[in-house]
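Letter by letter, the chains look like this.
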Number of protein chains: 2
Amino acid sequence: MSKKLTSREKDYSKWYNELVVEANLAENSAVRGCMVIKPYGYSIWEKMQAQLDKRFKETGHENAYFPLFVPKSLFEAEEKNAEGFAKECAVVTHYRLKTDPEDASKLIVDPEAKLEEELVVRPTSEAIIWNTYKGWVQSYRDLPILINQWANVVRWEMRTRLFLRTAEFLWQEGHTAHATKQEALAETEQMNNVYAEFAENFMAIPVIKGKKTDSERFAGAEETYCIEALMQDGKALQAGTSHFLGQNFAKAFDVKFASKEGDLQHVWSTSWGVSTRLMGALIMTHSDDQGLVLPPKLAPIQVVIVPIYRGEEQLAQISEVANRLASELREQGVSVKYDDRDTHKPGWKFAQYELQGVPVRLAIGPKDLEKGSVELARRDTLTKEFVSQVEVVDKVKALMGEIQEHLFNKAKAFRDNHITEVETFDEFKEVLKAKGGFISAHWDGTPETENKIKELTKATIRCIPFEGNKEEGKCVLTGEKSKQRVLFAKAY
Amino acid sequence: MSKKLTSREKDYSKWYNELVVEANLAENSAVRGCMVIKPYGYSIWEKMQAQLDKRFKETGHENAYFPLFVPKSLFEAEEKNAEGFAKECAVVTHYRLKTDPEDASKLIVDPEAKLEEELVVRPTSEAIIWNTYKGWVQSYRDLPILINQWANVVRWEMRTRLFLRTAEFLWQEGHTAHATKQEALAETEQMNNVYAEFAENFMAIPVIKGKKTDSERFAGAEETYCIEALMQDGKALQAGTSHFLGQNFAKAFDVKFASKEGDLQHVWSTSWGVSTRLMGALIMTHSDDQGLVLPPKLAPIQVVIVPIYRGEEQLAQISEVANRLASELREQGVSVKYDDRDTHKPGWKFAQYELQGVPVRLAIGPKDLEKGSVELARRDTLTKEFVSQVEVVDKVKALMGEIQEHLFNKAKAFRDNHITEVETFDEFKEVLKAKGGFISAHWDGTPETENKIKELTKATIRCIPFEGNKEEGKCVLTGEKSKQRVLFAKAY
Ligand SMILES: [Zn+2]
Ligand SMILES: [Zn+2]
């Protein structure tokens, strides 16, 4: 349990894996590449879900549910999408097992129960959803359709990592249908903004909004907007994407509507999603060598109270104070756990809650009873102070906002310090190696150059940022004309 | 849209299917046996989920997430469970598609991407979860484990019906681990009681609590407790089950704990679940030939306001009243939709909201402006009255409770009227044919008699009820000794 983690400096990737497991967030399962999300990890995901869901509903979307399986013939209808996902599809071919004739305690796939048409386990749901929308859209009166789905999806990844890249993951996928291109583009942008606002104000993760290049785009999209975050090891992480799908899926599934003027037109569409990958972003943005650091808005337990005592009588006295403080804090909307278990020592509890990222710890011992004080420890700064019992509720209440802000500002300072403008390719390589982070450089706009840079450095174009300097320049590799700087980075 | 439904009397099953589709609850998809849950249907399910989730957490459970897939070798570990589900398993055998060499626009399953071990799409998660718990349990200190999962599951059913029996469905499955048999039995009973309380107080569906006979038990369970509801056509519907699994899964997956005394013992366990099948129960308990009837506690829209007007000016005047009433109602916690769309006539709207089961409709026309009144229509009784604008908010507020109670009482009266005690097998057959419902009869306790009765009448033992008369008697079929009456019925 309160075993020490490998330090980030020593082995960042090991630190990450150990943290995820030791902090009770998730673990690997018996199924290759699939994870078990443990209760503590899931409760953080539930908080993210609740906030995102609220934002989706506020922007006019409703939830619905579409099938897990996509018949192969529908899956292949939109060619680019199919091509993009074909190599990582789990495929259901049979619908029954039977007793192994050679060993009655075993089961085998029943060869007589072969499906006429194979079913793909959804890697994303555009195909099955657009085949459904076809039946829902006749006239402009049926538009827009603004639907979101919370679901599991499967992409057969070869190299997997807890939360960051798993064969099965949980996500939400919005799928909208519109009468005009402008409306669909506005939706694409709106949802990318929703993700950015959520990431920054709720997860305390600063993000850069931009669009993807042709080669990094979602398979089947005309444009992919994204939010990009920067992890502590200098690698970028794509935290959310919002796709303008043009009329591609409407054409593949023949979804047309009668306009006000009476002519038939193909529908315009978008899709957008974030996933349990956000858990990885959360961990790698804020945590330290002691373990997880959680922004208060996402912490399942915001405050833990630990009693330090000898004997039942002392515990009773401390519990009186602890329970009073806990109920006062709860009245203020702060979630509190009072851990008076006698199966674990205070030191073990301190280490465990530190590892699990609880933002504030209050400890109450016999001396505190005398002095009317409590010891308050902040997880983000690892600082401690004594606070009077009279002031501690107000103090903690204020700290919730303060810690949230502090984490964001710290992450933003780190991120801003790791956006480096370079003018030459030598500089590009040096900065990438020595410092990492985003490299802001001119690019000639061709996939050939993009690929060449990727081959030479492993850095990819994370996005063409929407905001900031739009000056023209010369490509860092070829010297050809460039319209604006783009952001390169190595990425998760 | 506002097309008339087939009446229940004419064709109950057709009425049900039409209602589900026309009320925008769900529809069949391109995947055999899998449904699309439409936004309106899903929003009702979300309300159920929120209430159930609250009750699970209040009883000490946490949510987590386990893999969709179960490797075949784990699936077959608990023999009875495996046997029970083997015949309806969707099986993943491959992890890649490739371009069809004979037609570049098509995809085929890549024969080189065959899995070494097939993966079963979970029909229920005991196997994958108990394989995980094995790693979590060493000592009595690690117990109990109280976990719930919200998930999709797949059971390859041959004859499917929207919500009632679908190849994929949504559900929650609780899986708990305990140090003692008594604790596991208490948990089994507690969760069955949680389901009963939820069904009655929230869904307004009266249920009978009892246990299943050996032949109707969950595959792998020692006892299955259940709640049984009665539909309007006299058929029973199992609305929830809670299983005492004994040490079966602990033995199959070798999960032991060191007791306080230091000896190693197998863990005791339970599992319990309800699914989107509850949507079917809801529909068939309350609805009528006009469409869905929703208890206010489950209605996504509790009150709809429809303006009846000619011209913009009149609409403006009516909207002023409507918006005022809407905001006053919302302050009282009532959800309101003001439907001022000019694309549909009032008559169409009336029919549509009736079909969708909105509990209260308020209509405001020019005469109401003069008189300071509104027309109030109740969905459950189909009655209308004029109410003064001054009193309508209080009136509607009170109606929310009144309608909820009325629906429960009506369903309970129907159910109670359809529990018939019979003494002879002739009586049994007559009542089953003429009246349907639950038949309370003596049974000799043998599976042979149970089967014989099923063959002869298609009625099964729905449960051995926990409450009520426990008098002994003689079996209705064989005349052998019986310990108590049990409830027979034809069932969904
Ligand atoms: Zn997407
Ligand atoms: Zn079950």
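The rules behind these values
Residue positions are counted from 1 within each chain, in the order its sequence is given. To label them, take the chains in the order written and letter them from A, then take the ligands in the order written and number them from 1. For a predicted model such as this one, the threshold for reporting local features is a pLDDT of at least 70, and the threshold for listing and counting side-chain atom pairs is 80 or more; totals across whole chains, interfaces and linings nevertheless cover every residue. Water and hydrogen atoms were dropped before computing side-chain values, which therefore reflect all heavy atoms in the structure. C-alpha atoms of residues with pLDDT of at least 70 in both copies form the basis for the least-squares superposition of the copies. Contact definition: two residues touch when any of their heavy atoms are within 4.5 Å. Bear in mind that the domain bounds are from an automatic or database domain assignment. Here the quantity called buried area is the total loss of accessible area, with a 1.4 Å probe, experienced by two parts when brought into contact, counted for both. Any carboxyl oxygen of Asp or Glu within 4 Å of a side-chain nitrogen of Lys or Arg constitutes a salt bridge here. Here a polar contact is recorded for every N or O atom pair within 3.5 Å, except that within protein the pair must consist of a potential hydrogen donor and a potential acceptor, and residues adjacent in sequence are included only if both atoms are side-chain atoms. Asp, Glu, Lys and Arg are counted as charged, while Ala, Val, Leu, Ile, Met, Phe, Trp, Tyr, Cys and Pro are counted as nonpolar; the rest, among them Gly, fall into the polar class. Whether two strands pair depends on DSSP finding at least two bridges between them. A helix here means a DSSP run of H or I that spans at least four residues, while a strand means a run of E at least two residues long, and both kinds are numbered starting from the N terminus. Take the residue count of a helix, subtract one, and multiply by 1.5 Å to get its expected span. Think of it in three bands: with a 1.4 Å probe and only protein chains considered, a residue is buried below 20% of the maximum accessible area for its type, exposed above 50%, and partly exposed in between. Orientation is described by lines fitted to C-alpha atoms, with helices fitted over the stretch in contact, and by angles between N-to-C directions that extend from 0 to 180 degrees. When describing relative orientation, an angle under 35 degrees is termed roughly parallel and one over 145 degrees roughly antiparallel, while 65 to 115 degrees is termed roughly perpendicular and anything else oblique. Left-handed describes a crossing whose near helix is turned anticlockwise from the far helix by less than a right angle; the clockwise case is right-handed.

Topic: the relation of the copies chain A and chain B
Right, on to step 1. Screw-axis analysis of chain A against chain B gives a translation of 0.0 Å along the axis, an RMSD of 0.0 Å, and a rotation angle of 180°. Read as a symmetry element, the transformation amounts to a two-fold axis. Closest to the rotation axis within chain A is the C-alpha of Val92(A), separated from it by 2.1 Å.
Right, on to step 2. A shared binding surface is used by both copies, with 100% of the interface residues of chain A retained as interface residues in chain B.

Let's talk about the domain arrangement of chain A
Right, on to step 1. Looking at the assigned domains, one finds that chain A contains domain 1 (12-91 + 125-286), domain 2 (301-399) and domain 3 (419-489).
Right, on to step 2. With centres defined by C-alpha atoms, the gap from domain 2 of chain A to domain 3 of chain A works out at 50 Å.

Details of the interface of chain A and chain B
Right, on to step 1. Facing 64 residues of chain A, the contacting portion of chain B comprises 64 residues.
Right, on to step 2. Roughly 5,300 Å² of surface becomes buried between chain A and chain B when both sides are summed, with 68% attributable to carbon and sulfur atoms.
Right, on to step 3. Where chain A meets chain B, there are four salt bridges.
Right, on to step 4. Lys57(A) is the partner of Glu46(B) in a salt bridge, and the nearest nitrogen-oxygen pair spans 3.1 Å.
Right, on to step 5. At the junction of chain A and chain B, the tally comes to 30 residue pairs in polar contact (both at pLDDT 80 or more).
Right, on to step 6. Here the residues of the side of chain A that touches chain B are counted per class, giving 39 nonpolar, nine polar and 16 charged.

Considering the pairing of strand β21 (residues 384-388) of chain B
Residues and elements named next belong to chain B.
Right, on to step 1. Of the pairings in the sheet, the one linking strand β20 (residues 373-378) to β21 comprises five bridges and is antiparallel in character. Note that in β21 the partner of Leu376 across the bridge is Glu385.
Right, on to step 2. Hairpin connection of β20 to β21: five residues between the antiparallel strands, including Leu382 at a positive phi of 60°.

Observations concerning helix α2 (residues 39-58) of chain B
Right, on to step 1. Over its 20 residues, α2(B) runs 28 Å from end to end, which matches the ideal 28 Å to within 8%, given 1.5 Å per residue.
Right, on to step 2. Among the 20 residues that make up α2(B), 15 are buried, leaving the element largely enclosed by the rest of the structure.

Describing unusual backbone geometry
Residues and elements named next belong to chain A.
Right, on to step 1. Residues Leu143 and Pro144 are joined by a peptide bond in cis, for which omega reads -5°.
Right, on to step 2. On the secondary structure map, Pro144 appears in the loop between α5 (126-133) and β9 (145-154).
Right, on to step 3. Even without glycine at this site, Asn24 takes up a positive phi of about 60°.
Right, on to step 4. Note on placement: Asn24 falls in the loop between α1 (12-22) and β1 (26-28).
Right, on to step 5. Phi is positive for Phe163, which is not a glycine, with a value near 70°.
Right, on to step 6. Here Phe163 is to be found in the loop between β9 and β10 (168-178).

Remarks on the sheet that holds β20(B)
All names here are of chain B.
Right, on to step 1. If you trace the five strands from one edge of the open sheet to the other, you get β18-β17-β19-β20-β21, paired in mixed fashion. Looking at strand neighbours, the two that pair on one side only are β18 (336-338) and β21, the edges of this open sheet. Adjacent strand axes in the sheet meet at a mean angle of 25°, parallel and antiparallel pairs treated alike.
Right, on to step 2. Across four bridges, strand β19 (residues 360-364) lies against β20 in antiparallel orientation. Bridge assignment links Val360 to a residue of β20, and that residue is Arg378.

Quick word on the packing of helix α13 (residues 425-434) of chain B against helix α14 (residues 447-457) of chain B
Two measures define how a pair of helices packs: the angle their axes make with one another and the distance between the axes.
Residues and elements named next belong to chain B.
Right, on to step 1. Contact geometry of α13 with α14 gives a least axis separation of 11 Å together with a crossing angle of 45°. On the basis of the axis angle, α13 is oblique to α14. When you trace α13 past α14, the crossing you get is right-handed. In this structure, α13 contributes Phe425, Phe428, Lys429 and Leu432 to the contact, and α14 contributes Ile453, Leu456 and Thr457.

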